[in-house]
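Structure assessment
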Amino acid sequence: MEKQEQNSSGFHSLNKKTSGMGGVIVVIFLLAILLGVGAGYVLAQKGVISGTASMSSSSQSGNTVQTGVIYGSNDTQTFKDTTEGKLQNGGIDGEGQYHLVRPGGDSQNVYLTSSLVDLSKFVGHKVKVWGQTQAAQHAGWLMDVGRLEVEQ
């Protein structure tokens, strides 16, 4: 039997070699970060954004609005609520930045927000929108728009 030496000072020796698992975990962690950053860079360069449809370069760069053109996402499963009307500036009591004017007066307005479509380009046009209805305190109908078609 071998006799183990005991350190009476209560401190561990710094010269002892510990298992290399800590170093392996650090290397794996750094490799995962590098791969994530690299994948993000490649996707950003290609212009790939999950869930959105790309628009033609002429419709992105100019402010010209063409009747019949669809802007935004092709995901009609997520953006399943639809309505149409004339797009105007302004929300109601802090809800929405725009609204659709529909027949029947102010009570029929639909208040809109969107993180996918720049609605400011379509103010004054009759449009059809697809979106998700959101909870609202003041608006009768608040929608997050994901897709828009210009009708006039």
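For the structure, see preceding data.
Scope of this entry: the structure provided in the associated data block. Worth saying up front: this structure is predicted, and the values here are computed from it rather than measured. (Residues numbered from 1 in each chain as written. Predicted model: local features only at pLDDT ≥ 70, side-chain atom pairs only at ≥ 80, totals over all residues. Heavy atoms only, no water.)

1. Notes on the pattern of salt bridges
As a reminder of what qualifies: Salt bridges are identified by distance alone: a Lys or Arg side-chain nitrogen within 4 Å of an Asp or Glu carboxyl oxygen. Elements are defined by DSSP. Helices are runs of H or I of four residues or more, strands are runs of E of two residues or more, and each kind is numbered from the N terminus. Think of it in three bands: with a 1.4 Å probe and only protein chains considered, a residue is buried below 20% of the maximum accessible area for its type, exposed above 50%, and partly exposed in between.
Using the criterion set out here, one finds two salt bridges in the structure. Of the charged contacts, one joins Glu84 and Lys126 as a salt bridge, the two residues approaching to 3.6 Å between their closest N and O atoms. Pair noted here: Glu84 is in strand β2 (residues 81-89) and Lys126 is in strand β5 (residues 126-134), with a separation of 42 residues, a long-range link. Here Glu84 falls in the partly exposed class, since its relative accessible area comes to 36%. Of the residues examined, Lys126 reaches a relative accessible area of 32% and is grouped as partly exposed. For Glu151, the salt bridge identified is with Lys126, shortest N-O distance 3.6 Å. Here Glu151, found in the segment after β6 (142-150), pairs with Lys126, found in strand β5; they are 25 residues apart in sequence, far enough to count as distant. Residue Glu151 is classed as partly exposed on the basis of its relative accessible area of 24%. Here the salt bridges share partners, and the residues they tie into one network are Glu84, Lys126 and Glu151.

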